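Chain residues, written in single-letter form:
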Amino acid sequence: MQSRAELTRKNSHTLLLAGEKDEGIIDLLYYTGWSKPCIHYRVLGTEVWTSLPGEVFKPNASGEGFSIRVVGKGIEFVCNDGVPSGWDKAPGDKNYFINNPGRYTLKNGKIEQQLSPPKPPTLVVASEVGSTTVALSWNPPEGMESSEISGYIVYRDGEKVHKGDGSLNWVDTNLKGTHEYAYEVSTVNVQGTESEKCLSTTVKTNPPGKPGPPAWLKVSATAPDFIELSWKAPIDHGGASVTAYNIWRRAPDSDPSKSECVGTVIGRDVNTGKDKDVLDWKDTEVTEGQTYLYQVSSVHLPDASMARTKSQSELVEELRKKASNSLLAVDEDVNEGPLCDDVSGKAVQQLKAPRLGDQEPHILLQAFDWESCHNKNGWYNVVKGAVPRMKEAGIDMAWLPPPSHCVDDRGYLPSEWYNLNSKYGSDAELRGLIKEFTSSGISPVADIVINHRCASKQDGNGKWTSFKNPDWEAWAICRNDPSGTGQGAESTGMNIEYAPDIDHTNKKVQEDSKAFIKWLMDDVGFRAIRLDFVLGYGAWFQEQYVRAVGNPYSVAEYWHGDVQVLKNYINATKGVTAVYDFPVYYTLKNAIHCNDFSGLNCGGKLPGVMGCDPIRSVTFVENHDTSHLAVVGGKFGDNNQVCRAYAFLLTHPGIPSIFWGDWSDRGPEVQKQLVALCQARKSVGVHCTSRCNIVASQGGLYAAYIDGKQGTIAFKMGSNDWGPGGDGWTKKAAGHEYCVWTKGGQ
């Protein structure tokens with residue numbers, strides 16, 4: 001037998017063995033797709049080759065691969081399919097060599113020596129024992145070098161609980177107090193072979209202590225007559241089960257010592273004995289509009305005094321009857337753990353945040369234009385004054401300008417991410433606007449500009465590479481940035497000239513980007529996001545960032561008129577984000593200007609992303625870029641043309657976006673028509689995937705029926721006449737060369 005075989009690679013196909021030699025026997029296990037492979041070889045030291053095709057491999061007893069035994073201290077060989085018409089040679093079209101006796105495998109052009117089975121580790125001991133933890137350590141197997149060992153496997157009471165690297169210690173956690181556990185450890189060699197388990201070591205944990213605070217307490221729902229909480233079991237249960245939780249409540253700004261226990265939740269199924277991982281509780285003793293602070297504590301075993309109802313008293317009694325030894329061993333002074341961090345809940349109707357594909361009749365308003373930053377009254381204040389009219393129309397999403405402090409006036413050259421004082425208003429004004437949106441049922445959408453960023457000051461060499469809030473240096477700038485100041489990796493997207501391109505391959509940049517977006521959502525109050533200039537950095541980072549903050553509704557600015565290009569981008573993000581539907585924008589603009597609507601019917605489907613993936617289509621007539629850039633031929637059109645376009649979008653699938661300049665600056669008649677169109681969409685419940693039946697799409701006329709959740713819309717536009725068939729239709733909105741009828745609805 002070989003001991004501590006040392007394998008040395010020679011070129012790419014020869015193995016040498018140092019150490020003890022077998023008695024001139026070579027066993028070869030060959031993995032191939034051929035059904036009857038052969039080996040054509042010569043024994044080293046001779047010049048005689050086997051006759052073609054060679055000796056036939058035998059199927060391996062395990063059912064995987066083929067095996068053969070050759071007498072000799074080394075061989076030169078090639079394998080073939082047995083005809084022979086197909087040959088398996090070493091890399092570089094060379095012959096294979098095995099220079100020493102032993103057991104080998106040949107797979108995918110690579111020969112590997114099969115090591116002797118590993119031995120188990122020795123002297124496994126518990127180096128430290130707590131009420132919830134056991135620290136194990138052990139010695140390596142006798143007669144094995146560390147280079148031969150890939151890791152160790154730990155078993156607790158016969159169940160595999162840990163597979164690690166070559167470390168000789170491990171800490172087992174979340175154990176029960178006053179409980180005996182049996183541990184065994186095995187060795188795994190570099191070829192993946194596991195040894196037998198070592199002798200079992202029995203360890204008894206210490207008596208239980210206090211449980212830790214519950215995790216992830218949050219307000220999960222609110223209404224005028226209740227506040228609902230949810231949380232998870234504590235990470236550290238203190239050595240015994242947590243079978244109950246106490247809920248504590250106090251008024252804002254009050255002394256924490258004045259908290260009152262207002263509820264108890266049983267955290268164990270008394271029938272199965274299983275502890276719950278996620279808990280919830282509803283506070284119905286609230287006053288509408290009032291804010292409350294909540295905390296929760298973990299309890300090992302509740303007593304009768306904690307029960308709030310007769311049924312809860314029965315549960316507590318049953319729990320105590322079935323309590324385990326570890327629970328019964330809990331001292332009274334460690335039965336209840338500390339309070340978790342508090343959360344705030346207000347007894348008001350909760351804002352339901354939009355989700356991709358949620359089939360709600362969403363309407364998005366872009367709540368700014370290119371010149372909004374120069375409004376002398378403060379833009380956030382202007383928008384706040386318009387919220388009642390937006391709510392009346394049924395608008396439920398509002399896209400706000402980039403919120404951070406920036407080098408330019410408009411916010412698209414951000415510098416200090418966490419500084420929310422900008423040309424649009426102050427931090428307090430932004431938060432006040434978001435609060436107004438939230439109480440009005442409107443989800444604020446954050447404009448996320450993280451492709452590029454401007455430094456706050458110059459470095460010691462006079463270059464603008466010192467960033468503040470969060471703090472970065474030149475390592476955060478792509479090395480191929482046009483400024484020539486970057487020290488990071490190559491850009492993963494398109495470079496821009498007007499600000500440093502940020503290196504999103506950098507882990508620190510990734511962590512800071514996720515933290516910033518999460519802060520905007522959790523602390524500032526945004527409920528959805530818009531990703532600016534996604535051409536500038538890899539789509540896989542955008543997917544990562546959206547997922548990291550809980551997959552809020554997300555729409556990306558990918559300016560391209562080819563629907564296939566947009567589909568490719570959506571696929572690259574694995575579908576986590578919608579896109580602005582530029583193909584529909586171009587097609588609709590041309591159709592309305594030419595009074596020819598044939599381009600709106602693509603083989604029975606609508607154009608653009610709206611027609612192939614409406615869940616991820618955000619349609620629009622204008623935005624802050626198209627409204628002033630000559631590259632698109634100027635503004636969409638006159639008042640009549642704009643209203644006709646919105647009539648189409650607001651009655652069709654996808655999520656329609658209304659531009660502030662069209663909503664506010666085209667006069668009361670246009671806004672009146674937009675409100676009527678929004679209300680028609682809401683009343684019938686037309687949503688992103690509503691079915692659309694196009695009945696006419698030609699010169700002078702487009703007509704279609706669109707099904708909502710509560711009814712149907714009939715829509716026509718163009719210079720020719722048309723009306724829906726059948727009875728029961730009500731005209732809901734009309735303007736120059738368009739009309740909307742509804743049947744059903746609210």
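The structure we're discussing is the one just above.
Note that the coordinates shown come from a computational prediction; the quantities given were computed from them, not determined experimentally.

A. How the structure looks around the overall build of the protein. Broken down by element type, the protein carries twelve helices and 41 strands. Across its three principal directions, the C-alpha atoms of the protein cover 100 × 80 × 70 Å. Separation of charge centres in the protein, based on 76 positive and 90 negative side chains, amounts to 3 Å.

B. Spatial organisation of the packing of aromatic side chains. Counted by the stated rule, this structure contains 34 aromatic pairs. When the centroid spacing of 5.5 Å and the interplanar angle of 75 degrees are considered together, the rings of Y418 and F516 count as edge-to-face. Of this pair, Y418 sits in the loop between β30 (414-416) and α4 (427-439) while F516 sits in helix α5 (residues 507-524), placing them 98 residues apart in sequence. For Y418, a relative accessible area of 25% puts it in the partly exposed group. Its relative accessible area of 3% is what places F516 among the buried residues. Between the aromatic rings of Y580 and F620, the centroid separation amounts to 6.2 Å while the plane-to-plane angle is 85 degrees, which identifies the pairing as edge-to-face. Of this pair, Y580 sits in strand β34 (residues 578-580) while F620 sits in strand β35 (residues 617-620), placing them 40 residues apart in sequence. Cluster of aromatic residues (ring-pair linked, three or more members): F368, Y380, W399, Y424, W559, Y580, F582, Y585, Y586, F620 and F636. Above the face of the Y31 ring, K107 is positioned so that its terminal group lies 5.1 Å from the ring centre. One residue, R453, lies across the ring of W417, its end atom 5.2 Å from the ring centre.

C. A look at the sheet that holds strand β27 (residues 364-366). Spatially, β27-β28-β31-β32-β33-β34-β35-β36 is the arrangement adopted by the eight strands of the closed barrel, whose pairing is parallel. Direction aside, neighbouring strands of the sheet carry axes that sit 25 degrees apart on average. Where strand β32 (residues 528-531) meets strand β33 (residues 553-556), four bridges bridge the pair, whose relative direction is parallel. From the neighbouring strand, R530 faces β33, where its bridge partner is V555.

D. Structural view of helix α8 (residues 582-594). Compared with the 18 Å implied by 1.5 Å per residue over 13 residues, the 18 Å span of α8 between its first and last C-alpha is a close match. Considered for burial, the residues of α8 that qualify are F582, P583, V584, Y585, L588, K589, A591 and I592. Those residues of α8 that are buried are in contact with α7 (563-572), β34, α9 (608-612), β35, α10 (639-650) and β39 (711-717). One or two positions beyond α8, positive phi appears at N595, with a value near 55 degrees.

E. Looking closely at the sheet that holds strand β38 (residues 701-707). The strand order across the open sheet formed by five strands is β37-β38-β39-β41-β40, and the pairing between neighbours is antiparallel. Taken across any chain shown, the strands that pair with only one partner, and hence form the sheet edges, are β37 (692-698) and β40 (730-735). Neighbour to neighbour, the strand axes of the sheet diverge by 10 degrees on average, direction disregarded. Bridge count for β37 against β38 is six bridges, and the pairing is antiparallel. Across the sheet, the residue bridging to C692 is I706, located in β38. Of the strands in this sheet, β39, β40 and β41 (738-744) touch helix α12 (residues 668-684), which is tilted by about 150 degrees from β40.

F. Quick peek at the state of the cysteines. Scanning the entire structure with this criterion turns up zero disulfides. C79 provides the cysteine sulfur closest to C38, a residue in no disulfide bond, and the two sulfurs are 9.1 Å apart. Given the relative accessible area of 3%, C38 is considered buried.

G. Structural detail: the pattern of salt bridges. Scanning the model with the defined rule gives 26 salt bridges in all. Its salt-bridge partner being E360, residue K352 comes within 3.7 Å of it at the nearest N-O pair. One salt bridge connects E360 with K709, and the closest N-O pair in it is separated by 3.5 Å. Separated by 349 residues along the polypeptide, E360 in the loop between β26 (343-346) and β27 and K709 in the loop between β38 and β39 bring together distant segments of the chain.

H. Representation of the nonpolar core. The biggest cluster of nonpolar side chains holds 114 residues, and the ones touching the most others in it are F648, W663, Y702 and F715. Ranked by residue count, the leading element in this core is α10, at eight residues. Counting residues in hydrophobic clusters, the runner-up holds 18 residues, among them I39, I68, I98 and L106.

I. Up close: the packing of helix α3 (residues 379-393) against α12. Look at α3 against α12: their axes get within 8 Å of each other, and the N-to-C directions meet at 45 degrees. It follows from the interaxial angle that α3 and α12 lie oblique. Taking contact as the criterion, the partners of R389, E392 and A393 in α3 are, on α12, Q671, K672, V675, C678, Q679 and K682. Tallied by class, residues from the contact of α3 with α12 come to three nonpolar, two polar and four charged.

J. How the structure looks around a negative patch on the surface. On the surface, D303, D331, E332 and D333 cluster together into a negatively charged patch. Within the secondary structure, D303 is located in the loop between β25 (291-299) and α1 (310-321). Under the relative-accessibility criterion, D303 is labelled partly exposed at 32%.

K. Spatial organisation of the pairing of β26. Side-chain alternation along β26 places V343 and G345 on a buried face and S344 and K346 on a face that remains uncovered. Here β25 runs beside β26; their pairing, made up of four bridges, is antiparallel. Residue L293 lies in a different strand from β26, and its bridge partner there is S344.

Cut-offs and rules
Residues numbered from 1 in each chain as written. Predicted model: local features only at pLDDT ≥ 70, side-chain atom pairs only at ≥ 80, totals over all residues. Heavy atoms only, no water. Helix = DSSP H or I, 4+ residues; strand = E, 2+ residues; numbered from the N terminus. Lys, Arg positive; Asp, Glu negative; His and termini not counted. Charge placed at Lys NZ, Arg CZ, Asp CG, Glu CD. Phe/Tyr/Trp six-rings, centres within 6.5 Å; stacked < 30°, edge-to-face > 60°. Buried < 20%, exposed > 50% of the residue type's maximum accessible area, 1.4 Å probe, protein only. Lys NZ or Arg CZ within 6 Å of the ring centre and 35° of its normal. Pairing = 2+ DSSP bridges. Axes fitted to C-alpha atoms, helices over the stretch in contact; angles between N-to-C directions. Expected span 1.5 Å × (residues − 1). Contact = heavy atoms within 4.5 Å. Disulfide = S-S within 2.5 Å. Salt bridge = Lys/Arg side-chain N within 4 Å of Asp/Glu carboxyl O. Core = buried A, V, L, I, M, F, W, Y, C linked by side-chain atoms within 4.5 Å. Parallel < 35°, antiparallel > 145°, perpendicular 65-115°, else oblique. Nonpolar A, V, L, I, M, F, W, Y, C, P; charged D, E, K, R; others polar. Patch = residues over 30% accessible without salt bridge, like charges linked within 9 Å, V, L, I, M, F, W, Y side chains within 5 Å. Areas by Shrake-Rupley, 256 points an atom, 1.4 Å probe, with all protein chains shown as cover.

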